Amino acid sequence: MATSLRNFQNEIKQIHQRELARQRVHGAEQIQKEQKHSQVKGKAKEDSLIELASAGTEEPRGEAEAEEKILEILLSKVPVNHDSVRDMLAALLTRNHGEYVLRVGAQPSKAKLFAGELDDDVAEYWNGIEQSEDTLNFLLREITSTVEEIGGKTSLLFEARGKHPRKSLLLRLPPPSVSLTPEVRCAVVGNVDSGKSTTLGVLTRGTLDDGRGRARVSLFRHKHEIETGRTSSVGMEILGFAPSGAPILPETVSSNDPDVVRREKLGWEEISVQAAKIVSFIDLAGHEKYLKTTLYGLTSGAPSCVILIVGANAGLIGMSKEHLSIALALSVPVVVCITKIDMTPANVQAETIKQVVKILRSPGCRKIPVFVRSSEVAVEIATGFGKEKLCPIFQVSNVTGEGLGHLRTFLNLLPSSEGDRDKFAVDQPLEFSVTEVWSVPYVGTVVNGIVNGGSVKTGDPVMLGPDSNGNFQTTVVKSMQRKRAPVNTAEAGQCVSCALKRVRRNTVRKGMVMVSKSEILPKATRQFQGQVLILYHNTTLQKNYQAMLHCGAIRQTVRIMDMDNPQGVLRTGDRATVTFEFISHPEFIKEGMKLLFREGKTKGLGVITKLL
């Protein structure tokens, strides 16, 4: 089963990439057509896009060479070369979206560092140029002053003395405006009572928990959640990091009065204005009866990583395995966070760790567990996160605060969600998927969601739909907010709220899309074909079987119309090309989109191959 799932996931990936490439070529052609009348403007934009594309494709080797060159020039101590160092640092920062981790001194081999087998005496484990502590201090002073000239900040992430002295520095430029602040979206999942809301409360408020649920109270949105202590909705929390790399926390960190702690939280606008990077946490429900809400949060929120919270006293039980399997099915990188280590006996904790490692190494997961016990490991694993099959494991206590520093360092350095150009392309027509709808007094209808492609400005005419008949209505974006701070533009990969002109609240629902207004009308689909793999079903699936389909921000019941299986039935582990039909209304879908469907315990995974 594990091998067939793996092969199927690879196939899904290929289909998704193929369709995406085709759609992007088509999208670029469409934009070119629309820009024919403004040839000059179009040319400038195209050149800048080509420049952007080529900037991202440069090999990391070039960065390593640039680092060596910078350090070499600084150590030569020739004042004439100061300007060239400044220019090189500015280029490095611009190429890496305004933040860069610079390592000075001899660096350990990553494999040995992650495995915890680092030996100071074995020369093969170390690479790079050895520097003395005095030299390192001189370099730190020089780099700090040079980065300040560009307008950035330098912070020391980690330093080691001893046989191989080394330092890791974070160079960061403050973003010019809130609309350009890089954002990392993390979904937080785990079994009920594993400590998800408490961990987020401690991370975002800065005050430690009292072991009686004080930290989580400020996160709850409903009265029944405060009474039961259980999250039932998709909560959103943000943690901002200043240009210096320090987390932005409320002033009352030292207060012990629970009422003060609950009231005194920084507004999102205050955080957005100060932050050079924002980590958005999607706090999902752990209870079994809220699985559909959790699934919706995972598919519609487009998270860059999933933080799986495991209580050290309980282990990986119940819904946490379910959440882990969903994250793997959606191919989102996973971070494991083991909580409650202050109250768990050592033998129980060892048992939990053994179980987590065993599950991560199993053929279904095929992850390499890495225990983060030092800042150095946190820095190294965060900078290359998502590219390899590494799965960091943090052990934290929300009562004593142990391990939280490493977790914050890791979150501070995660690559931003919108920086993922494979997933979000700016040079495409606008596509915005709606995940939340509100009616705000004196403003009107407001939709919140993620810009999947292209960009949107206030005052842009857009088309919103499809409605129950598959039609799109024309409207205008009146105003926009990002993290509750007003912005004028939004680009692919960003999560924004838009106020729409003359649109009634009851005509908008989750799963709709907003596309740019053009001559070619967008098409809503009622029937489509998809390749699916049944992950689990206790009997057989036949024609006319109904299940709940999750596909991006879409959540609707579908009926199986046809399948290419000779017996006309599907069991656990079967693969087939299936024709689906939406039950209540057509939706805006594209070939290559991933889909998950479930009904009770039945789960299937697939990809859309053809729109009918």
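Remember, it's a predicted structure, so these values are computed and weren't measured experimentally.

Definitions and cut-offs
Residues numbered from 1 in each chain as written. Predicted model: local features only at pLDDT ≥ 70, side-chain atom pairs only at ≥ 80, totals over all residues. Heavy atoms only, no water. Helix = DSSP H or I, 4+ residues; strand = E, 2+ residues; numbered from the N terminus. pLDDT = per-residue confidence, 0-100. Contact = heavy atoms within 4.5 Å. Pairing = 2+ DSSP bridges. Buried < 20%, exposed > 50% of the residue type's maximum accessible area, 1.4 Å probe, protein only. Expected span 1.5 Å × (residues − 1). Arc of directions from axis to C-beta.

With respect to the element layout, I534 can be found in strand β23 (residues 527–536). Between the alpha carbons of I534 and A485 there is a distance of 43 Å; along the sequence they are 49 residues apart.

Summary statistics for the protein give a mean pLDDT of 87 and a share of 93% for residues scoring 70 or more. When the elements of the protein are averaged for pLDDT, helix α2 (residues 39–57) gives the smallest value, 39, and strand β21 (residues 495–500) the largest, 96. Note on residues 40–60: pLDDT is under 50 here. Beyond four places in sequence and across chains, it has six contacts.

Spatial strand order, β8-β7-β9-β6-β10-β11-β13-β12: eight strands in an open sheet with mixed pairing. Unpaired on one side and paired on the other, β8 (247–248) and β12 (368–371) mark the two borders of the sheet. In the sheet, strand β6 (residues 183–190) pairs with strand β10 (residues 305–311) via five bridges, with the strands oriented parallel. Looking at the pairing, V188 lines up with I307 of β10.

Locating S168 in the fold gives a position in strand β5 (residues 166–172). Of the residues examined, S168 reaches a relative accessible area of 1% and is grouped as buried. For the pair S168 and F158, spaced 10 residues apart in the sequence, the C-alpha separation amounts to 5.2 Å. When neighbours within four sequence positions are excluded, S168 is seen to be in contact with L102, R103, S155, L156, L157, F158 and V379.

With that settled, consider helix α13 (residues 346–361). Across its 16 residues, α13 extends 23 Å between first and last C-alpha, which sits within 8% of the 22 Å expected from 1.5 Å per residue. All of the buried residues in α13 are Q349, T352, I353, V356, V357, I359 and L360. In a view along the axis of α13, the buried residues occupy a sector of 165°, so they form one face of it. Counted as exposed and oriented over 90 degrees from the buried face of α13: N347, K354, K358 and R361. Packing partners of the buried residues in α13 comprise β10, α12 (319–329), β11 (334–339), β12 and β13 (390–395).

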